[in-house]
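Listed here are the chains, written in short residue letters.
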Amino acid sequence: MGNYIVTGGNRGIGYYLTEGLLEGGHAVAVLDRELDGLAPLVARFPGRLWPLLCDVSREEEVARSVDEAARLLGGLDGAVHNACLCTFAPAGETGEETYRAVLAVNYFGALHLAKSALPHLERTGGALYFTSSGVGVTGFGGIAPYASSKGAIEALAKCLRIELAGRGVGVHLLHPPLTDTRSAAPLPVPKAFFAAPEAVGKGLARRLGKRSFVICHSPAQQFQVRLCYLFPLKMGAMMDRMLRRAAEQGE
């Protein structure tokens, strides 16, 4: 069984990803700014879940937390950056400070985790996992900071996969669908369009051992993501129109 770090594991996809790993017999250290939601899992899996208070936008905090996690777990086989910040407003109404705040968590959080976890992963032949999004490939209306940060993660993962190919460390992108989480709640979209976070998180947990660069929780999502890579602008425009139409019909 393996030892994993998951950032942003206090709720949503990260919570169920953590639960799925624990149910699979693994040990997990969760790095998050809030840890209250993890109490049920700590009780269910004594000695295998370590909640660590950490702001992933702060490099020094991440470095200390990763080293502490590796000590508590007895090594590190995988590090998952799942923490994210998403804002909702047209690009023309969004100030630079919002872009900086979103990038600090989504992109620089991923970079901080990668830099801190890499020495530990090289010892075990482990892997880095970055949670991306289809909108980081296709674009989408009203979430430019979030989509930009995910596009940056896409590029970072590709660069690291090339650089680390000869060092025994895997690099992967996790691509969840639109999921019913707190960060996605402001989207004016009918609930029918949202995937259940438990199905997504646990589906990803079961597939973390895959060698594919892009990992999804289901074959259907894998196919949709492939279309996004093949036809990014068409898929982005189509999804934007579809969700806007659904929102209007739901009013």
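A short tour of the structure in this document, coming up.

### So, the sheet that holds strand 4 (residues 78-81)
If you walk across this open sheet you meet the 7 strands as 3-2-1-4-5-6-7, and the pairing is parallel. Of all strands in the sheet, those with a lone pairing partner are strand 3 (49-53) and strand 7 (214-215), marking the two edges. Sheet topology places strand 6 (residues 170-174) next to strand 7; 2 bridges connect them, and they run parallel. When the bridges of strand 7 are listed, Leu173 appears paired with Val214. Along the sheet, helix 4 (residues 96-124) contacts strand 1 (3-7), strand 4 and strand 5 (127-131); its crossing angle with strand 4, the most-contacted strand, is approximately 175°.

### Focus on the environment of Cys228
Residue position: Cys228 is located in helix 8 (residues 219-230). Classification of Cys228 as buried rests on a relative accessible area of 3%. If we skip the residues at most four places from it in the chain, Cys228 touches Val137, Thr138, Met235 and Met239.

### Some thoughts on the pattern of salt bridges
The tally for this structure, following the rule as stated, stands at 12 salt bridges. In this structure, Glu96 and Arg100 form a salt bridge, with 2.7 Å as the shortest nitrogen-oxygen distance. Taken together, the residues Glu96 and Arg100, both in helix 4 and 4 residues apart, mark about one turn of the helix. Across the pair, exposure class does not vary: Glu96 and Arg100 are exposed alike. Between Lys202 and Glu198 there is a salt bridge; the shortest N-O distance is 3.2 Å. Taken together, the positions of Lys202 and Glu198, both in helix 7 (residues 197-206) and 4 residues apart, correspond to about one turn of that helix. Since its relative accessible area comes to 14%, Lys202 is described here as buried. The class of Glu198 is partly exposed, set by a relative accessible area of 38%.

### Some details on the packing of helix 1 (residues 12-23) against helix 7
At a minimum axis distance of 7 Å, the contact between helix 1 and helix 7 shows a crossing angle of 45°. Judged on the interaxial angle alone, helix 7 and helix 1 are oblique. Helix 1 and helix 7 meet at a crossing whose hand is right-handed. Contacts between helix 1 and helix 7 involve Gly12, Ile13, Tyr16, Leu17, Glu19, Gly20, Leu21 and Glu23 from the first element and Pro197, Glu198, Val200, Gly201, Lys202, Leu204 and Ala205 from the second. Here the contact of helix 1 with helix 7 is built from residues that sort into 8 nonpolar, 3 polar and 4 charged.

### Things to note about the nonpolar core
Within the largest apolar cluster, 36 residues are counted, with the highest numbers of intra-cluster contacts made by Ile5, Val66, Leu128, Phe130 and Leu160. Of all the elements in the fold, those that place two or more residues in this core are strand 2 (27-32), helix 3 (59-73), helix 4, strand 5, helix 6 (144-163) and strand 6. In terms of residue count, the dominant contributor to this core is helix 4 (8 residues). In this structure Ile5 touches Ala29, Leu31, Val66, Ala69, Leu76, Gly78, Ala79, Val80 and Leu113, once residues within four positions along its chain are discounted. Judged by nonpolar contacts, the second largest core, of 23 residues, contains Val6, Leu41, Phe45 and Val80.

The rules we used
- Residues numbered from 1 in each chain as written.
- Predicted model: local features only at pLDDT ≥ 70, side-chain atom pairs only at ≥ 80, totals over all residues.
- Heavy atoms only, no water.
- Pairing = 2+ DSSP bridges.
- Helix = DSSP H or I, 4+ residues; strand = E, 2+ residues; numbered from the N terminus.
- Contact = heavy atoms within 4.5 Å.
- Axes fitted to C-alpha atoms, helices over the stretch in contact; angles between N-to-C directions.
- Buried < 20%, exposed > 50% of the residue type's maximum accessible area, 1.4 Å probe, protein only.
- Salt bridge = Lys/Arg side-chain N within 4 Å of Asp/Glu carboxyl O.
- Parallel < 35°, antiparallel > 145°, perpendicular 65-115°, else oblique.
- Left-handed = near helix turned anticlockwise from the far one by under 90°.
- Nonpolar A, V, L, I, M, F, W, Y, C, P; charged D, E, K, R; others polar.
- Core = buried A, V, L, I, M, F, W, Y, C linked by side-chain atoms within 4.5 Å.

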